[in-house]
Structure formats: structure tokens, C-alpha cells
Amino acid sequence: MNHPKQLYLGERFDDLEKLYMKLPPDIKDREIDIICRSARKLMEQCDENYIKRDEELAYVGYMKLINLVQVIRKNKDYARKKEAITRLLGTQSDFNRIFEKLSKLKNSLEARYEERARQRGGSATLSRAVELERASNGRQPMVGKEAPMVVPIASGQKQSVTATELHAMINDSRVSMLIMDCRPAKDYEASHLRYAYLVNVPEHLLVAGMTAGKINHALPPESRTLWSNRMVKEQVVLMDWNTSGVPVKDTPLYILNYTLCHYDQDIEDTKIIRLDGGYESFVLHYPASCTNPSYRPPTVLDAMGDNIDDIEYPNISDIPMKEESFTKPGFKPTIDRNSKVAAVTLYEARKKPLEDILVEHEQILDKSKQNALEIINTETELKNLEQQQPLEPGLDETQESLLYEVMQLKDRQRDYEAEKARILEEEQSYKQLEQEQKERGEQISSEQAEQLEREAYERRLRDKEREQRELEEKCQRLARERETKLALAREQKRHLKENNVPEPVKRAYPEDDQRSGPYAGNVTPARMPLFDRSAKPLADHNHNVRTRDLDVVQRDFAPVYGSVGRGLTGLKNLGNTCYMNSILQCLSNTHFLNEFFHDPSFKMHLNRNNKTQGKIGEEVAAVIKALWTGQYKCIASKNLRYVVGQYERQFGGIEQQDSHEFLTILMDWLHSDLQTKQMQISTSLDQLPPSEKAWIEHFKGKDSYISELFYGQIKSTVKCTRCHKESATYESFSNLSLELPQDSNICYLENCLDMYFNGEEVRGWHCPKCKSNQDAIKKLDISRLPSILVVHFKRFYADPDTMATVYRKKQTLVKFPLSELNMTRYLARTEVNRNKRLTTFRYHLYGVSNHYGSMESGHYTAFCLNNIHQKWFKFDDYNVSSIDASDVQASAAYILFYSCLPDRPQSDVR
């Protein structure tokens, strides 16, 4: 075996750095092909020196090669010639072998320099023990000369450091610094810097809407101490894998930087800087200062291509159309008619599911029967109350509650009918398959006992269906009787109004008699919920609203005291305010918004210079905090209704309103009330990607915590069918309004999303390239995913078959997931190319705003997942009760609230 060549290039290991860091000054200006040929030649020389055991020259050569590769990767032609460069210089596996060689060379050279120094009686380099000590205390002093002074980076002078500068800072004991590594936890554990004040902030935590406090709670205990060092260090250095220059919006590095700058009150004077080129650059330059320097993250292949980044749909035929949205393949199984073996295999595979379907059918019948009995009992109880006192006017709280309960039970019954229809269709499909097999003479034998058992099961199902029909007929008879009485009551009410006869009223809550709060002396009584839903778009704007300043009014929740679980307080109905209560409960259970409003510092973000002067934000925060004290059974949101009524009078009155309309306006108000954060713009608007420029222009350069949580962005692409020219525009949204199928009792959320995002034909579009009107296809995609995704179903529509404008309601049962909602297929390809992390977002459901009944008479409730108890609860005005997760999916679902944030129990919310 050859012995290593004698040491001759330096007196100590650090001397080698001066040799491999020297590259020609004009290297970046040379053509990439010339640089690649030089790198290939250098690689061959390094391999030759490695074989000859010239360890110093091999180490310097390999390190110089790594520097050259870094220059090549930053060249403007790298992406275009990436494949040819890989063929010339080798794959990632080839470079992993080079890193292994570098590690061996480094260990050998350090030991040899140390041995030579001992022989000479000096201390030219660090011993292995000293190196371990250096790694443990985070300081790496230069030996043999005084360490260079690193001037702390002043805010506004420099926002990034190079790998060389960071290495010098790590080795300078005078630098006060914390490094935050925002790569995935598994990558951090596999390889990271050797530095004591280094903390991993995993990228899955870095979603729009995070604050420093939430990051601290989400970190493991061993990382929280390091995280807290940001409060005492003069500088914080941020890094990811390989970001160079200004980070792309919504990437983990961008969000971490934004969070520290805007939502961390503890580091106002700390300088925030970034490592240019990220960890990849550092490990290439200083592998000895990293653990496992040969590690590389899994390569993510970009199936969309690198050369067409600005084209959304290269092939117009790839655009799915809206006509395909609600068409799903039939449930009927397809079989190979030429293969009896295939038929037998298919039959065996289907036999157990058929038995499962029969069991499911029986379960649905049992639930439907129980629900029908509840309807009959509730209708009977309501009928008995009506016989004791007139139905109208003066409906009391008990009757109102029973009416709402009937609405909800009937909607649930409708859902059971839709499920039964689906199951019957599946049964028929399987039976048809068996019949086809028999007709082809492919009789597949089965045990006679199984056949007899199935027949008995089907007889039992038929008996239950007969009982069910009898119960439904009784329910319908009771409903007809009640509708007749309601019609008579409406006629009497109309007669009273025409003759100006005042209506006797009854208050829903005795607390209202205290005449306190903004409605003192002018309390509007609760009336029977006979809502004219058809007038929703033409809501009454003429209710009298008191105009005195709310600041002089003491906030009065009129609470009903009682110890309940935190977050389980109900909201009183203040006269058809169930629509408002439903939305407030969903927002209250929005974990991150809840914590934001519980933090007293949220008032520092209030905007007092807008139309609403921060009042909406203050009142919503007050209601949410009251709901989470755990001290009240229910409260009244009087002040909030008063304030919103000042700016939108229909919300201050007693007419029933639309919860979606209220939510949309409320989101705009809250955003405006909290819009105080200046957006980080590193360059001129014209140099930004179109989506980012549109985002900044829409929000006028200022963010809010609401826009970070709830707002997303849609990209609208119009493509000419003649020349294939594309034109794109961008629009921000706080919720998606999805169409439902016209003639279907059941569909899936995926169908509705397809209908919204799929393409549609546009006639007479003026093509800027053809310079004439052409047929085109318009397609929507998501260019920015919100942290909180709100989905609204368009259940109300104008009936086209009526002379006057009459609104109807679609009672379609939409099947939606409670977790793992994946929106990747609806993302704009061009945005994914810029930020591939968008494809990792997964949403879980935490809130549903429900609407029961019809356009003429309806009621709102909310289903919410309590973050402390991790259970679903139903919020029906002042009544709060637990429900099973299986009951969340219902045809009453009107607005869905999904989150992709890393929620956790709110044990520390105060």
C-alpha cells in the first residue's frame, strides 16, 4: 500500500483554505461550457492525486471543484443546460462519493498535521479533543494568528451573508448570534452546522399566520431554550436549503423572516439576516464544519418542465372542462367477458363489499327510523303547545326551539334518504353483475347457507323499509297540519299590520329587561322566525340605529352564569341573529385567530385610521375572549351587533340575513381593522412575478393578520384556441363559492371544486396576438393557498320557472372530507414551479356553518371542533351539545372552514 505524500502545502490544516478559495476573478463572466470543461479537467486531476496519495493536493482540488460547481449552479444558463452538465460532471451520487473522499482526507490531514506539530514540539493545529470541545461550545477560534474581527451587520446595510462570512462569524467568539435552520426536521437531523446556538424551526410550522409565540409552543422542549436565545443575541441568521437572494413569498424562509420582523415583540432591536445560498452553500465550502457533509435531500423531480415556466397550459387539450365536473364513472364494475377466471376473481372481490353494503343499508334504515320517531315526537310536542296558546303572535322560546329542531331533523331525514338511494344503486349494480354472469352461463357456485342468509337479510330490510314509509307518512301529515296553521297565522299577522294594530311581543331572555347596553330603551323583541328568505338580496336597510359613540357604552354580554368547558359558551339569539352566531362560533374555534385575539398585544396592530377605526376587531376579540372563559352558559353579542349595524344597517336589525354575506363583509372589516403591516418589497413592482405584484397592489402594500390567515389568490387564464396565446389576471379571495349540481341529491366536494376550477368556453375574446375576436378557454387555478380555506356552497338560487323573482334552496348532500383535503390539483403550475412547497399543504376541517329549512323559514347553527377537548360540538344559539364526527357531514352544510396550520390544544390560551 502506498504511503501518503509528505506534507508540503501548509503548516496547518487551515492553510489549505487559502488555496481552494482562490478562483479567477472573472470566473462568473465566462461561458458555462468553458467553466464545465475546466471543472471536468480538475475532477480528473483530483482523482489522479487521490490515487497517488497526495492528500493535500487532492483535498484542495476537490474543494476547488465544489466551489466551481457552486458557480455553475448560479449561472443563468444552468437550468437550460442542466442535463448536459450532469452528463459531463456526474450525478448527485458521484458527488456524494467526492464528499466521502473529502471527509476521509480531512480526518487524515488533521491527524497528520497534529502529529507533525507534536514532533516539532509545537501546536500547529487543533487536537481531536479540542475539536470536539469546539463543536460543543460553538466557538472555533483560529489558531496561530488572531481571529479576524467580524463587524456586526447593521440593519438596513446588509440583509444576507455568504458562507465565508458566516464561517468567520462562527469562529469569532465576539459575535453574538443565533442561527435558525428552517429545513425539514429529518434533513436537519441528518446534517447540520456544528454550532452551539443553532435551532431547527421545521418548515411545516412556517405557514402564513404563525407568530413567534406559536412557534415557541410548537417546538420540542429541547429547542425552546435555544429559540429563546433570540431575545439576547445581537443577530439572528436564517437559512434553508439553498435560497439565494430575496426569498420567494410564502416559502418557509420568507415566513420565518416575516414572523420575526412583525410578530415577535421580543426582538425589536435584533438584526435579522439570511445565509445566501443556504445550507447547501455552506456545506460545499466548509464540509468540516457540518455533520454528515455528504448528505443531500431527496431530489424532487419537476414533472412540469423547466423551460416553460411562464406558460400555464402548453397544450390546450390538457385543460379539463366544466362539463366533466359532475360526471363520474358509473359504479357498475367492468369485467373481461372473455375470461371466466377474471369473472370469478371479480366476484370473489365483490362478494364481501356487497355484504357490507347490506349491513350499511340496515344501519341507515335504523337511523332513519329513529330520526322519524324524533320528528313525530317533536311535532306532537309542538302541537300540544299550540293548543295551549295561540301560535302567533307571541311565540315563546320553547316553541321557537322546537321549530328549529324540526327543521334540523327534517334535513337529517333528507340526508338519510339520499344515502339510501346511493346504497340501493350500489346494490343494483352488484346484482346486475351477477345476472350478467348467469346469462353468460358463468354460474359461480356459493354455499347455499350464505345465499339463504342473504335472502333473509333482504327480507328484513324490506320490512324495515315498510315501517319507515309508514313513519314518513305520519311525519308528512303532521307537517301539513302545522303548515296550514302557519299559513293562517301569517294571514292574521298581515291583517293586523294593514290595520296598524300593534303586535303583542314576548322577550326571549329575561336579561334583556335590564335595558342595558347600546340598545337600552330600544330593545327589539324576538319574534317568530318566519323569514322571507326570498328578500335576502333586498334586505331592509331602514331600521333605526342609535348613533351615539360606542366608546361611552359599557360592554354588556348579559351572561347566563354557569361553569362549562372553555369554548363551549353559547350565543343568545337577539332577534334572528342565528346567522351571526353561527359565523362567530366558527371564527371563535379558528385556533390561530383565537390565540391572536387573546394576546393583549393584538391592539398594537389595530388600524385607527380606517372607516371602522378598529372597532370591529375590538368587538370580535371581546366576544371570542368571553366565549372562552368557561364561566358562562351563554352570552349576548349586543355591542358587536350594534357596531356592525353602524356600518351595514341590515346586520343591526332583526331580519334574517345570509351568513355567507355576513362572513365576507366581516372578513373585509377585520382585515381593514388590522391592516398595519408594511409588506416586504425588495425590488420594484415591475420586477416581481405577476402574482406577487397583483397581491401587493390589491392590499395596497399592507398586510394584516387576517389576510395572512384567510386570503388566497386565484389565477384566471384565458387561452386563445387559434394561436394559443395566454393572458392571465389575478384576484384575491377570502372564500370560494362553489356551485352545486342542479338535479342531484348527493355529490362530492371534489365535484364542486372541479366545477369551479375547470375550463369554460369564452366567445368573442379579443386576442392581443391575433388582434381580433376569437374563441378562447378560460380556466381558474389557485396561485396562493390560504392557511384557512373557507368553502361556501351556493345553495340559494333564483327559480327560472317563476314569473317573479323567487329564491329556492338546493338540498344537495355534499360529501366532504374531515381531514387530508388535498388542493394540489387546483394549483397554478407556474406558482408551483416557484414554490413547490405548496403541494405539501393538507387541510383539516374544524368548522361548519349550517343552514336548515327553506328560503321562507330557516335557521343557522355551527358544528365546531373544540381544540382543547378534540371533540365536535353543535352550537345552536345558546344551546351547546357534543356531536359525533359522523354527524358533521350533512346537507345543511353551508360554509366549511378548513385549516392547514399545525393546530394544537389551547391549554395556554388565557
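Overview of the structure. (Residues numbered from 1 in each chain as written. Predicted model: local features only at pLDDT ≥ 70, side-chain atom pairs only at ≥ 80, totals over all residues. Heavy atoms only, no water.)

Quick notes on the packing of helix α17 (residues 591–598) against helix α18 (residues 615–627)
At step 1: In the contact formed by α17 and α18, the axes pass within 9 Å of each other and the chain directions differ by 105 degrees. The angle between α17 and α18 places the two elements in the roughly perpendicular class. Where α17 abuts α18, its residues N594, F597 and H598 lie against G617, V620, A621, I624 and K625.
At step 2: Along the lines of polarity and charge, the residues of the contact of α17 with α18 split into four nonpolar, three polar and one charged. (Axes fitted to C-alpha atoms, helices over the stretch in contact; angles between N-to-C directions. Helix = DSSP H or I, 4+ residues; strand = E, 2+ residues; numbered from the N terminus. Parallel < 35°, antiparallel > 145°, perpendicular 65-115°, else oblique. Contact = heavy atoms within 4.5 Å. Nonpolar A, V, L, I, M, F, W, Y, C, P; charged D, E, K, R; others polar.)

Here's the deal with the state of the cysteines
At step 1: Within the structure shown, the criterion is met by zero disulfides.
At step 2: The cysteine C586 is free of any disulfide, with C864 supplying the nearest cysteine sulfur at 4.1 Å.
At step 3: Residue classification places C586 among the buried residues on the basis of a relative accessible area of 0%. (Disulfide = S-S within 2.5 Å. Buried < 20%, exposed > 50% of the residue type's maximum accessible area, 1.4 Å probe, protein only.)

Let's talk about helix α20 (residues 659–673)
At step 1: With 15 residues, α20 ought to run about 21 Å at 1.5 Å a step, and its terminal C-alpha atoms sit 20 Å apart, in line with that.
At step 2: Turning to α20, its buried residues number three or more, namely S659, H660, F662, L663, L666, M667, W669, L670, H671 and D673.
At step 3: Of the residues that open α20, the one with a side-chain oxygen 3.3 Å from the backbone nitrogen of H660 is D658. (Expected span 1.5 Å × (residues − 1). Polar contact = N/O pair within 3.5 Å; in protein donor to acceptor, adjacent residues only side chain to side chain.)

Focus: the pairing of strand β12 (residues 726–733)
The two faces of the sheet receive side chains in turn, since in a regular strand these alternate between them.
At step 1: Strand direction decides the pairing type here: strand β11 (residues 712–720) and β12, joined by eight bridges, are antiparallel. Pairing of V718 across the sheet is with S727, part of β12.
At step 2: What sits between β11 and β12 in their antiparallel hairpin is a turn of five residues, with H724 showing a positive phi close to 70 degrees. (Pairing = 2+ DSSP bridges.)

Observations regarding the pairing of strand β22 (residues 842–853)
At step 1: Summarising burial for β22: ten of the twelve residues are buried, a large majority.
At step 2: Here two bridges tie strand β21 (residues 821–822) to β22, and the two strands are oriented antiparallel to one another. For L821, the partnering residue across the bridge sits in β22 and is Y843.
At step 3: In this structure, β22 lies alongside strand β26 (residues 893–899), joined through six bridges in antiparallel fashion. Looking at the pairing, L845 lines up with Y898 of β26.
At step 4: Here β22 runs beside strand β23 (residues 858–866); their pairing, made up of seven bridges, is antiparallel. Residue pairing across strands places H851 opposite Y860, the latter belonging to β23.
At step 5: With antiparallel pairing between neighbouring strands as the criterion, β22 and β23 make up a hairpin whose turn holds four residues.

Thoughts on the sheet that holds strand β15 (residues 760–767)
At step 1: Across the sheet, four strands lie side by side as β12-β11-β16-β15; this open sheet has antiparallel pairing. For this open sheet the edge positions go to β12 and β15, each flanked by a neighbour on one side alone. Neighbouring strand axes in the sheet, compared pairwise and without regard to direction, differ in orientation by 35 degrees on average.
At step 2: Here six bridges tie β15 to strand β16 (residues 772–784), and the two strands are oriented antiparallel to one another. Considered in β16, the bridge of E760 is made with K778.
At step 3: Running at roughly 40 degrees to β12, helix α21 (residues 690–698) makes contact with β11, β12 and β16 of the sheet.
At step 4: Taken strand by strand, helix α23 (residues 749–757) contacts β11 and β16, and its axis lies near 135 degrees from that of β16.

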